[in-house]
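Here is how the chains run, residue by residue.
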Amino acid sequence: EVGGDLLEPLVSGMNLLEGAVPGNVVTRFPPEPSGYLHIGHAKAVLLNDYYARRYKGRLIVRFDDTNPSKEKEEYQQSIVEDLKLLGVDPDVVTYTSDYFKAIFGYALSMIENGTAYMDDTPQEQMKLERADRVESKHRNMPPEEAKEKFLMMNSGKEEGAAWCLRAKIDMNSDNGTLRDPVLFRQNLEPHHRSGTTYKAYPTYDLACPIVDSLEGVTHALRTTEYNDRDEQYQWIQTTLGLRRVRIHSFSRVNFMYTVLSKRKLAWFVEQGLVEGWGDARFPTVRGVVRRGVNLDALKTFIYSQGASRRVVNMDWSKFWAENKKEIDKQAKRFMAIDANTNVPLKVTNGPAIDSNSYLSTANHPKDPSLGSRALRIGQDVILETVDVEGIQEGEEIVLLRWGVVKITKVTQANGNVGSLEGEFIPDGDYKTAKRKLSWMIQTGSNPIVELTEFDHLVTKDKLEEEDNFADYVNPTTLATTQVMGDAGLKTLQEHEIIQLERRGFFRVDRPYRDGKPLILYMIPDGKTKSMSGM
Ligand code: ATP
Ligand code: MG
Ligand code: MG
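This section reports on the structure supplied with the text. On a predicted model such as this, the values are computed, not experimentally measured, just so you know. (Residues numbered from 1 in each chain as written. Chains lettered and ligands numbered in written order. Predicted model: local features only at pLDDT ≥ 70, side-chain atom pairs only at ≥ 80, totals over all residues. Heavy atoms only, no water.)

**Let's talk about the overall build of the protein**
This is how the line gets drawn: Under the scheme used here, helices are H or I runs from DSSP no shorter than 4 residues and strands are E runs no shorter than 2 residues, and both carry numbers assigned from the N terminus. For each residue, the accessible area found with a 1.4 Å probe, counting protein chains only, is set against the maximum for its type, and the residue is called buried under 20%, exposed over 50%, and partly exposed in between. Between two residues, a contact is recorded if the distance between any of their heavy atoms is within 4.5 Å. In these tables, accessible area is a Shrake-Rupley quantity obtained with a 1.4 Å probe, and a residue counts as shielded only by the protein chains included in the view. Charged residues are defined here as Lys and Arg on the positive side and Asp and Glu on the negative side; His and the ends of the chain fall outside this count. Charge positions come from single atoms, namely NZ of Lys, CZ of Arg, CG of Asp or CD of Glu.
Across its full length, the protein holds 11 helices and 27 strands. Within the protein, the proportion of its 534 residues that are buried is 52%. Partitioning the intrachain contacts of the protein with sequence separation of at least 6 by distance along the chain shows that 72% fall at a separation of at least 24. By element, 48% of the accessible surface of the protein is carried by carbon and sulfur atoms, the whole surface being about 24,400 Å². Mean positive and mean negative side-chain charge positions of the protein (69 and 77 charges, respectively) differ by 2 Å.

**Some points on unusual backbone geometry**
The backbone of Y257 sits at a positive phi, close to 55°, despite the residue not being glycine. Structurally, Y257 is set in the loop between β10 (253-255) and α8 (262-270). Given the relative accessible area of 31%, Y257 is considered partly exposed. For R502, which is not a glycine, the phi torsion comes out positive at approximately 65°. Turning to its location among the elements, R502 is positioned in the loop between β25 (497-500) and β26 (504-510). Given the relative accessible area of 51%, R502 is considered exposed.

**A word on the packing of aromatic side chains**
For clarity, the cut-off: Two rings from Phe, Tyr or Trp (for Trp, the six-membered ring) form a pair when their centres are within 6.5 Å of each other. A pair whose planes differ by under 30 degrees is stacked, one over 60 is edge-to-face, and the rest are tilted. Placement of a charge over a ring requires the Lys NZ or Arg CZ to be within 6 Å of the ring centre, with the centre-to-atom vector within 35 degrees of the ring normal.
Within this structure, the stated rule accounts for 26 aromatic pairs. With a centroid separation of 5.2 Å and an interplanar angle of 50°, the aromatic rings of Y50 and Y303 are classed as tilted. Placement of Y50 in helix α1 (residues 39-54) and of Y303 in helix α10 (residues 295-304) is noted, with a sequence separation of 253 residues between them. Across the pair, exposure class does not vary: Y50 and Y303 are buried alike. Ring geometry for F104 versus F150: centroids 5.3 Å apart, planes at 25°, classification stacked. Within this pair, whereas F104 is found in helix α3 (residues 100-112), its partner F150 is found in helix α5 (residues 143-154), the two being separated by 46 residues in sequence. Judged by its relative accessible area of 22%, F104 falls in the partly exposed class. The class for F150 is buried, based on a relative accessible area of 0%. The structure contains a cluster of three or more aromatic residues connected by ring pairs, namely Y36, Y75, W267, F268, W277, F282 and F469. Here R54 stacks its cationic end above the ring of Y55, 5.0 Å away from the centre of that ring. Geometry around Y95 places R193 over its ring, the cationic atom sitting 3.5 Å from the centre.

**A closer look at the site of ligand 1**
Put simply, the test is: Nearness of a residue to a molecule or strand requires only that one of the residue's heavy atoms be within 4 Å of it. Polar contact is defined as a pair of N or O atoms within 3.5 Å, subject to the rule that within protein one atom must be able to donate a hydrogen and the other to accept it, and that residues adjacent in sequence are counted only when both atoms are side-chain atoms.
If you check the shell around ligand 1, you find 15 residues, and the closest are E32, H38, G40, V253 and K262. Contacts to ligand 1 include R252, whose side-chain N or O atom sits 3.3 Å from a nitrogen atom. Against a free-state accessible area of 600 Å², the protein chains account for coverage of 84% of ligand 1. A total of 3 residues in the shell around ligand 1 trace back to one element, the largest contributor, which is α1.

**Quick word on the sheet that holds strand β23 (residues 448-454)**
Which entries qualify depends on this criterion: By this definition, two strands are paired if DSSP reports at least two bridges between them. Comment: axis = line fitted to C-alpha atoms, over the contacting stretch for helices; angle = value between 0 and 180 degrees taken between N-to-C directions.
Strand order across the open sheet formed by 7 strands is β12-β25-β26-β27-β23-β24-β13, with mixed pairing between neighbours. With one partner strand each, in any of the chains shown, β12 (332-334) and β13 (336-338) form the two edges of the open sheet. Ignoring which end each strand starts from, the neighbouring axes of this sheet average 40° apart. The sheet contact formed by β12 and β25 spans 3 bridges and is parallel. If you follow K332 over to β25, its bridge partner there is I498.

**Looking at helix α7 (residues 230-239)**
If you check which residues of α7 are buried, you get D230, Q232, Y233, W235, I236 and Q237. Where α7 is buried, its residues contact α3, β5 (164-167), β6 (182-186), α6 (204-214), β8 (219-223) and β9 (246-250). The positive-phi residue at the C-terminal boundary of α7 is G241, with phi of around 65°.

**Comments concerning α6**
Where burial is concerned, most of α6 is hidden: 9 out of the 11 residues are buried. Along α6, the positions that sit buried rather than exposed are D205, L206, A207, C208, P209, I210, V211, D212 and S213. Just past α6, the residue G216 takes up positive phi, approximately 80°.

**Focus on the sheet that holds strand β7 (residues 200-202)**
Sheets are built from strands that pair by backbone hydrogen bonding, the pairs being arranged parallel or antiparallel. Within the open sheet, the 4 strands sit side by side as β4-β5-β6-β7. Their pairing is antiparallel. On the outer flanks of this sheet lie β4 (116-119) and β7, each paired with one strand and no other. Between one strand axis and the next, the sheet turns through 20° on average, direction left out of account. Across 3 bridges, the pairing between β6 and β7 is antiparallel. When the bridges of β7 are listed, R185 appears paired with Y201.

**Points about the pairing of β26**
With 6 of 7 residues buried, β26 is to be regarded as a mostly interior element. As paired elements, β25 and β26 share 4 bridges and run antiparallel to each other. Counted as the bridge partner of I497 is R507 from β26. Connecting the antiparallel pair β25 and β26 is a turn made up of 3 residues, with R502 showing a positive phi of about 65°. By the bridge criterion, 5 bridges tie β26 to strand β27 (residues 518-523) in an arrangement that is antiparallel. Bridging across to β27, R507 finds its partner in Y521.

**Overview of the packing of α1 against α10**
Each pair of packed helices can be summarised by the angle the axes make with each other and by the distance between the axes. The condition that has to hold: Every angle not falling under 35 degrees, over 145, or within 65 to 115 is termed oblique; those three ranges are roughly parallel, roughly antiparallel and roughly perpendicular. Residues are grouped as follows: Ala, Val, Leu, Ile, Met, Phe, Trp, Tyr, Cys and Pro are nonpolar; Asp, Glu, Lys and Arg are charged; all remaining types, including Gly, are polar.
Interaxial distance between α1 and α10 falls to 10 Å at its minimum, and their mutual angle equals 80°. Judged on the interaxial angle alone, α10 and α1 are roughly perpendicular. On the side of α1, the interface is formed by A42, K43, L46, L47 and Y50, while α10 contributes K299, I302 and Y303. Among the residues forming the contact of α1 with α10, the class breakdown is 6 nonpolar, no polar and 2 charged.

**A short note on the pairing of strand β24 (residues 478-485)**
In terms of strand pairing, β13 meets β24 through 3 bridges, oriented antiparallel. When the bridges of β24 are listed, I337 appears paired with M484.

So this is what it looks like as structure tokens:
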């Protein structure tokens, strides 16, 4: 590593960028605006950003907008927003479409020097010929004729639809990507930026090596499944006399029970199986943030396998367990009681209902900087039915954050505990009590809270390319429970992450307002598997 001693040590899990010169590194993230960013893209952009920062270089975000049939302004806008959400601030934002004219010129020069030709072999036949290493009948077309066809295709003439430009590399290569790849094709759909100016567009295989070189990229990060294409990428740069760019490969990330392809995600949106691209069940950047993914946890997770070239099918529960460590540090604690199945407890020596008595309670047991709040106390307490099963007269229980109550009377109703009476014991023993319970004072000011829990959208752990993913759509992916919350929950803002004691961690999806329930989304902790037990 050149001058590496001036730099911060690599974060755990990352490797060095070969040949990186501090101050001169340029990386790029080239999303196609054909969908919203997902966590796979997050990996790619976070690695590019990491290297650009570590080597005091620059990060280019380049919209790879070469296919008007798939791309939209809406997607482009969403990518800008989601990069912000990820905390990525690109040094430059560019568009492949700004280079169309230049790329057109390079294509012409290839035709003129005989390194590219025009072909109208039908796609299926081309595929077979590639497999059999058979040359196209047009391979030796004279450059003048190829140029004429190329211009005709670019003029938008109908006849041009059958033609494409192909690189003349090596039909006999053991590397299939060198068997005369397609470089340019007609497409008459208007482009979201260049409109109808162009009638034919370069493929990624042609555009990417040209623009990487022109923009001064020093290190092109590519996923390992592109390894076969590396030679082709370099061939284009060499053939065009362009500056060569180093390739640094990293592995794709996949998650179990998760679809990570923009085309398939778009299908879920179109079918109405989710609310939209930002649905909390979606593996999009905005979806996982809405579900409660903490960005520090996400970054640590991505860096931790940044150097690994093995493609793994990640288990969500491992990620959620890491996520929990991070959110546990910041989540304020609240109590909640099931809104339908609860039991009244009369604390006979508690403060009278009209006394307006409160105690002060810490928002977080370990972090005083998170402050404290007033918690209402009184005689009319409610407890969760399941918490008091089998309770006996004489038993001492702990009301969390308040103190010890000795049960003096148990009244049964339909074979269950129907109601309780007890006596507050000011210096009671916390340690010996078996039951340490969430509770609440019965007042009109306890907000109704809707707890929402989600499940995976698909039922298969590892979806294969040949699987019809629509066969594996999970019919039930959402469950809700209503609880009564402590009044402190009313002050929460959208996106705050909290813990409901003994229930788990939640993210505020909709704050309490105008008497409408507070909506909390459950954040998985990597342990609880089923959609129940909230
Ligand atoms: P999709 O299959 O979702 O359409 P894509 O690779 O075609 O993904 P692009 O917008 O071209 O979408 O991707 C931009 C960058 O993100 C590329 O450099 C690509 O390698 C990277 N990327 C995409 N998916 C993943 C993934 N699952 N893991 C890591 N990197 C990914
Ligand atoms: Mg792509
Ligand atoms: Mg793809």
